[in-house]
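# What the coordinates show
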Amino acid sequence: MTEKIEVKDITQTRDEKDGPHAQHQLDVHDPNAYFNFLKRTRDDINAVSPSFCAAKWMQSTILLYSGETHSCHHPSRHKITLDDIKDNPKGLHNTEHKMKARDDMLKGVQTPECDYCWRIENQNPEHISDRIYKSSYSWSLPQIPKIVESGRGENIDPTYVEVAFDSTCNFKCIYCSPEASSQWESEIRRHGDMKQTEFNLNNLDWLKSVGKLPIHHKEHNPYKEAFWEWWPELYPKLETFRITGGEPLLSKDTWKVFDYIKENPRDDLILAVNTNCNAPDNLVDKMIDNINDLQGKVKYFDVYTSFENTGSQAEYTRQGMNYDEFISNCYKILDNTPESTRIHFMTTINLTSAPSLLGFLEEIKKFRSKYQTKIHEFRVRTHLSYLRWPRPLILSLLSKEDKQRYGDQWLKFMHDNKLTEKKHPSETFYLEEVDQMERLVEFMRTDQQPKVVYDDMRLYLNQLDERRGNFFPETFPTLAYLMDDNYYG
């Protein structure tokens, strides 16, 4: 069956309208076009295997500061062993761990680490899981015959690579940890480990024992060495190269990549940076200057940034953020760069998102109304993802009343502002985004957590407040009931 797999003529996606693998144009005025395309993609990849996902072969996130990798942001990262890269730097991506998961996917097995998508598909087979999205992009769908031919993909080159050079960061988001933020690490060293029943990500001894504690920038780093050895061969094969962190604008390697691309232009490359858009020392302005210097030398420059609530609540969740400056910098980026620059608002929708998530959606609508290149072609993108770990911050800890109230509120706003056959310029949200909200609300209302998670939630938030001089009930008055020791959902 796999030898006869045929990738049909559906490689067009909204994100990659003019991409090198685009074979026809989707009608951006048809609200059903992209959603139907995703459904056809599902049929095509299920012809390979009902558990197949192209991202496991063609996408790679690599944390060089700790020697970890995964091929999607949902599964936990795993350690790159020194044996993986001993004779071949491509082992930064093609680890033994990934190749075993690829075996499962080719055999129709729902490999356990990908349970985020299996939960969505098993809950409702009509929902479009991220397995479908990730297999539909121009960096993945045209590669399926090559993937099938490669089998386990021992030596395959990914087309979408995301690299974290450093964990240096000026934020300490409540759902993050010392493994990805130097500010978090400094706070733990100053105040001691966070006490939790099951949540170890803020325990330095545990992080060290499992190989997640960042390598100090002055220490020898074999993973960075392997990356820069691989880079000249990898670079010409990439469709997307994305730099993450930490905060990438605080890493000298980020600017090294920009300089390399200026000297070796690729007008078919998508270059992307994850940034909190609150980096100090005018580094956002420096990024804007580099974006303009790279105009014509890359296809798109994508700025990925994160928020999922607004105002003081966003500043509580993403400690270190100045919300007004953040919003101002997002407008500054779009106002002072070419149309080939786009902003993607990543979301980690969690317990603290609930009271002002509607404000987030309203902010997206404002951005999209201002930055349309054509009707319903927005320079502002988003994807509505919900947090599952750490469990003490999971959205489903809300009361039944809040789950009903907030869910109804969010769904009404999405449906009131979704694209329709009327094709009105004020219509804002794509049908797949409506689907993302529907699956989020469905998860929030059906997921159940044990008593220990409620206890850990209060323990965690109280410790954070004591260390950071905050007070959760004051910042989130409508959620103050969560801090009652007798509340368990």
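Going by the structure above, here's the rest.
Residues numbered from 1 in each chain as written. Predicted model: local features only at pLDDT ≥ 70, side-chain atom pairs only at ≥ 80, totals over all residues. Heavy atoms only, no water.

By the criterion of burial, strand S8 (residues 300-306) is predominantly enclosed, with seven of the seven residues buried. Along S8, one buried face is formed by Tyr300, Asp302, Tyr304 and Ser306 and the opposite face, lined by Phe301, Val303 and Thr305, is buried too. Direction of pairing for strand S7 (residues 270-274) relative to S8: parallel, over a ladder of five bridges. The partner of Leu271 across the bridge, within S8, is Phe301. In this view, the connection linking S7 to its parallel neighbour S8 by way of helix H11 (residues 283-293) has right-handed handedness. Pairing between S8 and strand S10 (residues 341-346): six bridges, direction parallel. (Buried < 20%, exposed > 50% of the residue type's maximum accessible area, 1.4 Å probe, protein only. Helix = DSSP H or I, 4+ residues; strand = E, 2+ residues; numbered from the N terminus. Pairing = 2+ DSSP bridges. Right-handed = clockwise from strand over helix to strand, strands pointing away.)

This paragraph deals with the side chain of Asp166. Mapped onto the elements, Asp166 comes out in the loop between strand S4 (160-164) and strand S5 (172-173). For Asp166, a relative accessible area of 15% gives the class buried. Within the local environment of Asp166, its side chain forms a polar contact with the side chain of Lys224, the two groups lying 3.4 Å apart. Engagement of the side chain of Asp166 in a polar contact is seen with the side chain of Ser251, the distance being 2.6 Å. In contact with Asp166, not counting residues within four places along its chain, are Tyr65, Lys224, Gly245, Gly246, Ser251 and Asp253. (Polar contact = N/O pair within 3.5 Å; in protein donor to acceptor, adjacent residues only side chain to side chain. Contact = heavy atoms within 4.5 Å.)

The next thing to look at is the pattern of salt bridges. According to the stated counting rule, one finds 35 salt bridges in the structure shown. The salt bridge partner of Lys370 is Asp335, with a shortest N-O separation of 3.5 Å. Of this pair, Lys370 sits in helix H14 (residues 357-370) while Asp335 is found in helix H13 (residues 323-335), placing the two residues 35 residues apart along the sequence. Given a relative accessible area of 47%, Lys370 falls into the partly exposed group. (Salt bridge = Lys/Arg side-chain N within 4 Å of Asp/Glu carboxyl O.)

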